[in-house]
Amino acid sequence: MEIRNFTSNQFNKLSLYELPKEVTAIESQLYFYRYLNQDMLLKKYFRADDSQYIGNKLLTISLLLHYKEQINIPQLILPEKLVSIDNVLSGFIMRFLKNNVNLSTLLYDKNIDMEEKIKLLKSSGKIIQAVHHVDPHINFFLGDIHESNFVYHYDDKTLYGVDLDGCKIGNNETYSIRYCSFNEKLYDLEQKYPMDENDDPIANYNTDWYCYATMILNTIGQGKVYKLLIDDLYDYLQYLKDCGIGTELIDYFANLYTLKKNTSPVPLLNEIPKHIERANIKVFAKVKNLNYI
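Owing to the predicted nature of the structure, the values given are computational and were not obtained by experimental measurement.

Details of the pairing of strand E7 (residues 150–153)
1) Next: Of the two faces of E7, the one lined by Phe150 and Tyr152 and the one lined by Val151 and His153 are each fully buried.
2) Next: Pairing geometry for strand E6 (residues 100–102) and E7, over three bridges, is antiparallel. The residue of E7 that forms the bridge with Val101 is Tyr152.
3) Next: Looking at chain direction, E7 and strand E8 (residues 158–161) are connected through four bridges and run antiparallel. Bridging across to E8, Phe150 finds its partner in Gly161.
4) Next: From the end of E7 to the start of E8, which pair antiparallel, there are four residues, and Lys157 there has a positive phi angle of about 50°.

Observations concerning the packing of helix H7 (residues 230–242) against helix H8 (residues 247–255)
1) Next: It is at 10 Å that the axes of H7 and H8 come closest, and there the two elements cross at 170°. Viewed along their axes, H7 and H8 adopt a mutual orientation that is roughly antiparallel. Between H7, through Tyr234, Leu237, Leu240 and Lys241, and H8, the contact on the second element is made entirely by Thr247, Ile250, Phe253 and Ala254.
2) Next: Residue classes in the contact of H7 with H8 are distributed as six nonpolar, one polar and one charged.

Things to note about the sheet that holds strand E3 (residues 38–45)
1) Next: The mixed open sheet is built from five strands, whose spatial order is E1-E4-E5-E3-E2. The sheet is open, and its two edges are formed by strand E1 (3–6) and strand E2 (28–35), each paired on a single side. The sheet shows a mean angle of 30° between the axes of neighbouring strands, taken without regard to direction.
2) Next: Relative to the sheet, helix H2 (residues 51–66) contacts E3, strand E4 (79–85) and strand E5 (88–95), its axis offset from that of E4 by approximately 150°.

Comments concerning the packing of aromatic side chains
1) Next: In this structure the tally under the stated criterion is 19 aromatic pairs.
2) Next: Relative to Tyr33, the ring of Phe6 lies with its centre 5.2 Å away and its plane at 65°, an arrangement referred to as edge-to-face. You can see Phe6 sitting in strand E1 and its partner Tyr33 sitting in strand E2, a full 27 residues away along the chain.
3) Next: Measuring from ring centre to ring centre gives 5.5 Å for Tyr152 and Tyr154, while their planes differ by 80°; the resulting arrangement is edge-to-face.
4) Next: Overall, the relative accessible area of 17% leaves Tyr152 in the buried class.
5) Next: Overall, the relative accessible area of 44% leaves Tyr154 in the partly exposed class.
6) Next: Among the aromatic residues, those joined into a ring-pair cluster are Tyr193, Tyr210, Tyr234 and Tyr257.
7) Next: The ring of Phe6 has Arg4 lying over it, and the distance from NZ or CZ to the ring centre is 4.5 Å.
8) Next: Against the face of Tyr239 rests Arg278, its NZ or CZ located 5.9 Å from the ring centre.

How each quantity is defined
Residues numbered from 1 in each chain as written. Predicted model: local features only at pLDDT ≥ 70, side-chain atom pairs only at ≥ 80, totals over all residues. Heavy atoms only, no water. Buried < 20%, exposed > 50% of the residue type's maximum accessible area, 1.4 Å probe, protein only. Helix = DSSP H or I, 4+ residues; strand = E, 2+ residues; numbered from the N terminus. Pairing = 2+ DSSP bridges. Axes fitted to C-alpha atoms, helices over the stretch in contact; angles between N-to-C directions. Parallel < 35°, antiparallel > 145°, perpendicular 65-115°, else oblique. Contact = heavy atoms within 4.5 Å. Nonpolar A, V, L, I, M, F, W, Y, C, P; charged D, E, K, R; others polar. Phe/Tyr/Trp six-rings, centres within 6.5 Å; stacked < 30°, edge-to-face > 60°. Lys NZ or Arg CZ within 6 Å of the ring centre and 35° of its normal.

See the structure below:
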């Protein structure tokens, strides 16, 4: 496995890559890096001194590189090289897409109509479907699926999955899945959404589609629908039905909290009306007097 070595002086000359305000980096920082006349991004972990954490990241990146040909999904930006700084493994390098915009920016932009947002959601769902068609022996799932882990590239008009070091592959661990970790709504459904000995979720088909469905709900509600408590969520689903969303999609969302296996909801996205401003979560929260949203 190729490792690109930096001294502290070399690393400190790199320029910071500014993330959009909608994106919060809790594990790492990104830097611009020019390598062999190519624009790259260098991802440096904050916890480079945590041997267990870095060891798991090393395993994840190694497996992604090892199975690159079998994965063979052009819409995934995979790590290309590991990075060490002063001989300390600290991150990795990946391809940089110029003229890109984060998916979260697009999905929460009030000036972009719902029809365009549905197209973007379909594109992200198709990436997940492609991942689920990879050889099952690789045990590959995107894991930490959320809006900020996709970017749209204006040059080729394509959506890409990024931050693959948070995926599930082989026997690695997934430390955090944004929409599953510490989610009380899933605690009684461990058969469907299993936890490890540290109570961290173990990525599988169900967690991947749960996270994707949460992206859909957040987009419909134009806010943090994932924070709704279970009883309020069921009320919100009825509210969405009253707003004109199709029964099949509503039932799909409700079944996320049953033992029924999650499948792809991509074919159901056409049940979302083009004009659905009334479904805004803030409007619902005001009607219900929900102070926590």
